[in-house]
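# Examining the three-dimensional arrangement
Given next are the chains, with one letter for each unit.
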Amino acid sequence: MRQFNFHIPTLDMVMKRPLNFISITGADFIVRSAYQMGKTPLLPIFAMTLGATDAFLGFIVSVSTLTGMVLKPGIGILSDRWGRRWWLIAGTIFFAGMPFLYRFVHTPAELFGIRIIHGLATAIYGPVTLAFVAEGVKERLAEKLGWFGMARSAGYIVGPAAAGWLLATGVSPVTVFTIIGLFSCLAFVPILLLSEPAPRVKAIRPPIGQQIVHALKSGTHTPSVWLSGGLEATVFVALYAVKAFLPIYALSTGISVALVGAFFSVQEGVHMVLKPVGGRIGDRLGYFGAICLGMVLAGIALPLITLTHGILGLMALAVLIGAAQALIFPSTVALVSTQISALHIGAGMGLIGTLKNAGKVAGPILGGFLIHWLNFSPMFWAMGLLLLLGAGVIGCWGQRRQVPIQR
């Protein structure tokens, strides 16, 4: 019988990691924090000062996600060919340079255009950073992806808080964008310290067109890419539908909006803190098992939101959903990186990134249709059922396939 020596990862374990891992994690935290400063609550406020209508405001906020959805696979493929480091430098240039251009934006249409270009930054960083980490890690892959994801999640907390504080102190939106650009420049320090990870296998590079075709074939013919990307998309459909409509549901049922804000803060905080633990569970007990458990927890928690109105009950559900996310996301990425060809890791990360972004876009749309046809409560129950169906799929798949649980 196999004996597991399971333990919770500690900060000492992280500090012993190679310089590459520390540098890429630090750079991602810096640019993600800065980028999130420019999204919430800054971007809607800035767009309104330019005269954007409510409908066009939605396009402005979402267009950068659409940029990533379209371009991530291609960028991942090119990073497989030309290396990760130069692409990370290019992504950092977009993160650091674009915020300075917001000062020259005077119309909603110009803002829409600059958001398309700004979206290139996340389109590059998304697949390339994950491929960089996966390529440089030799063991405990999901756990290390959890540590990396923990830093990224911290940016989602730090960024909006910093932007809100600057706006509250009277700093103009345009000046905040300039501060974002200056802060993003700090990421060049860890990025320039990176060394290109040694490839897992050496191969002669084919013509670029041929490589693109081979990469797309490898990605689309690798079942774990569709499985992991589809599961991530399913989770984000549910979570983003809840994120979009829980505040409105709260108002209709008399729940305090402040309590809703606390719900999302606790959810993201738990998700951030437990990511390394969730990844460790995936490494030790299997990626399929960790993903299935996480989807079951989230699938149970979402419908219970409609039955719970007290602060303790809602906070407990926020903790449950955050823990579910921590179990799912490190293992989905680790699963792809261990199953796809070593020559096409970037392509695989780009493909699952596209599917994930599609879930983010589709979630609020699907949630809106369900609320229109049914109501709020059936929408939450439908999203929970969707996650439970996903858990059933991953459970059946995992029983038929053996995937390495330790690298």
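Residues numbered from 1 in each chain as written. Predicted model: local features only at pLDDT ≥ 70, side-chain atom pairs only at ≥ 80, totals over all residues. Heavy atoms only, no water.

## Quick word on the overall build of the protein
- When its secondary structure is counted, the protein shows 16 helices and 0 strands.
- Taking all 407 residues of the protein together, 55% fall into the buried category.
- Long-range contacts, defined as pairs at least 24 residues apart, comprise 87% of the intrachain contacts of the protein with a sequence gap of at least 6.
- Looking at the protein as shown, the accessible area adds up to about 17,200 Å², and 72% of this sits on carbon and sulfur atoms. (Helix = DSSP H or I, 4+ residues; strand = E, 2+ residues; numbered from the N terminus. Buried < 20%, exposed > 50% of the residue type's maximum accessible area, 1.4 Å probe, protein only. Contact = heavy atoms within 4.5 Å. Areas by Shrake-Rupley, 256 points an atom, 1.4 Å probe, with all protein chains shown as cover.)

## Quick word on the packing of aromatic side chains
- What the rule picks out here adds up to 7 aromatic pairs.
- Ring centres of Phe46 and Phe177 lie 5.3 Å apart, and the angle between their planes is 65 degrees; on these two criteria the pair is classed as edge-to-face. Here Phe177 lies in helix 8 (residues 173-184) and Phe46 lies in helix 3 (residues 42-49), a separation of 131 residues in the sequence.
- On the basis of relative accessible area, Phe177 is assigned to the buried category, the value being 2%. (Phe/Tyr/Trp six-rings, centres within 6.5 Å; stacked < 30°, edge-to-face > 60°.)

## Side note on the packing of helix 6 (residues 108-136) against helix 15 (residues 345-373)
- The geometry of helix 6 relative to helix 15 is characterised by a closest axis approach of 8 Å and an angle of 135 degrees between their N-to-C directions. Between helix 6 and helix 15, the angle falls in the class oblique. When the axes of helix 6 and helix 15 are compared, the crossing they make is right-handed. Only Ile345, Gly346, Met349 and Gly350 of helix 15 make contact with helix 6, whose side of the interface consists of Pro127, Leu130, Ala131 and Ala134.
- Taken together, the residues of the contact of helix 6 with helix 15 sort by class into 6 nonpolar, 2 polar and no charged. (Axes fitted to C-alpha atoms, helices over the stretch in contact; angles between N-to-C directions. Parallel < 35°, antiparallel > 145°, perpendicular 65-115°, else oblique. Left-handed = near helix turned anticlockwise from the far one by under 90°. Nonpolar A, V, L, I, M, F, W, Y, C, P; charged D, E, K, R; others polar.)

## Some details on the pattern of salt bridges
- Here the structure, examined in full by the defined rule, presents 6 salt bridges.
- Close ionic contact of Arg152 with Asp28 constitutes a salt bridge, the shortest N to O distance being 3.0 Å. Of this pair, Arg152 sits in helix 7 (residues 141-168) while Asp28 is found in helix 2 (residues 19-37), placing the two residues 124 residues apart along the sequence.
- With a relative accessible area of 12%, Arg152 lands in the buried category.
- A salt bridge links Arg84 to Glu135, with the nearest nitrogen and oxygen atoms 3.2 Å apart. In this pair, Arg84 sits in helix 5 (residues 84-97) while Glu135 sits in helix 6, placing the two residues 51 residues apart along the sequence.
- Overall, Glu135 belongs to the buried group, its relative accessible area being 7%.
- Connected through shared salt-bridge partners, Asp28, Arg32 and Arg152 make up one network. (Salt bridge = Lys/Arg side-chain N within 4 Å of Asp/Glu carboxyl O.)

## Description of the packing of helix 14 (residues 311-339) against helix 15
- Here helix 14 crosses helix 15 at 145 degrees, and the two axes come no closer than 9 Å. Here the hand of the crossing between helix 14 and helix 15 comes out right-handed. On helix 15, the residues that touch Val333, Val336 and Ser337 of helix 14 are Gly348, Met349 and Ile352.
- By residue class, the composition of the contact of helix 14 with helix 15 is 4 nonpolar, 2 polar and no charged.

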